[in-house]
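# Breakdown of the fold
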Amino acid sequence: MDLSKPSAENVEYIVEQLKKKLKVLNFDAIKPSHFSEAWYDELKDIYDMVMKRETFSPSEIQAIVEELGSLRKR
């Protein structure tokens, strides 16, 4: 998958992969439809950082989820 260009499909893929990697328990809290392509670069940066790591502390997961929350459509 080419994640270099913003698209609805890429946003969906990134969000789904983040949910899996971070083991988000409340899957309805984070949906691809919550994110605009306008914030794609920021979303991709978070994705890249998360995918490089094997584990996360609870406080790191909380910070990442909060950052994703700041990127949600208003």
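Here, every reference points to the structure presented above.
Given the structure is predicted, the values throughout are model-derived calculations rather than measurements. (Residues numbered from 1 in each chain as written. Predicted model: local features only at pLDDT ≥ 70, side-chain atom pairs only at ≥ 80, totals over all residues. Heavy atoms only, no water.)

## A closer look at helix α1 (residues 8-22)
Here is the rule we go by: The numbering of helices and of strands both runs from the N terminus, where a helix is a DSSP run of H or I of at least 4 residues and a strand a run of E of at least 2. Here the expected length of a helix is defined as 1.5 Å per residue gap, with one fewer gap than residues. For each residue, the accessible area found with a 1.4 Å probe, counting protein chains only, is set against the maximum for its type, and the residue is called buried under 20%, exposed over 50%, and partly exposed in between.
The terminal C-alpha atoms of α1, which comprises 15 residues, lie 21 Å apart, in line with the 21 Å expected from a rise of 1.5 Å per residue. Those residues of α1 that sit buried are Asn10, Val11, Ile14, Val15, Gln17, Leu18, Lys19 and Leu22. Phi turns positive, to about 55°, at Lys23, one or two residues after α1.

## Focus: the environment of Gly69
Its location among the elements puts Gly69 in helix α3 (residues 58-70). For the pair Gly69 and Phe35, spaced 34 residues apart in sequence, the C-alpha to C-alpha distance is 9.2 Å.

## Some details on the packing of helix α2 (residues 40-52) against α3
Packed helices, taken two at a time, are described by the angle between their axes plus the distance between the axes. Quick reminder of the rule: Only the stretch in contact is used when a helix axis is fitted, and all axes are lines through C-alpha atoms; the angle between N-to-C directions ranges over 0 to 180 degrees. Each angle receives one of four descriptions, namely roughly parallel if under 35 degrees, roughly antiparallel if over 145, roughly perpendicular if within 65 to 115, and oblique otherwise. We call a crossing left-handed when the near helix sits turned anticlockwise from the far one by less than a right angle, and right-handed when that turn is clockwise. We call two residues contacting when some pair of their heavy atoms lies within 4.5 Å. Polar here means any residue outside two lists: the nonpolar Ala, Val, Leu, Ile, Met, Phe, Trp, Tyr, Cys and Pro, and the charged Asp, Glu, Lys and Arg; Gly therefore counts as polar.
Here α2 crosses α3 at 165°, and the two axes come no closer than 10 Å. With respect to α3, the axis of α2 lies roughly antiparallel. Handedness of the α2/α3 crossing: left-handed. Only Ile64, Glu67 and Leu68 of α3 make contact with α2, whose side of the interface consists of Leu43, Ile46, Met49 and Val50. Grouping the constituent residues of the contact of α2 with α3 by class yields 6 nonpolar, no polar and 1 charged.

## Some remarks on the pattern of salt bridges
One side chain can pair with another of opposite charge once the charged atoms of both are near each other. Note the following rule: Salt bridges, as used here, are contacts in which a Lys or Arg side-chain nitrogen is within 4 Å of a carboxyl oxygen on Asp or Glu.
Counting across every chain of the model gives 3 salt bridges. Between Lys44 and Asp48 there is a salt bridge, with the nearest N and O atoms lying 2.9 Å from each other. Note that Lys44 and Asp48 are positioned in helix α2 at a spacing of 4 residues, about one turn of the helix.

## Structural notes on the packing of α1 against α2
Put simply, α1 and α2 touch, their axes get as near as 10 Å, and they point 35° apart. Both α1 and α2 take part in a crossing whose hand is left-handed. When α1 is examined against α2, the residues Asn10, Val11, Tyr13, Ile14, Val15, Gln17, Leu18, Lys21 and Leu22 are found in contact with a partner set consisting of Tyr40, Leu43, Lys44, Ile46, Tyr47, Val50 and Met51. Taken together, the residues of the contact of α1 with α2 break down into 12 nonpolar, 2 polar and 2 charged.

It is worth stressing that arrangement in space is one thing and function is another; only the former is reported here.
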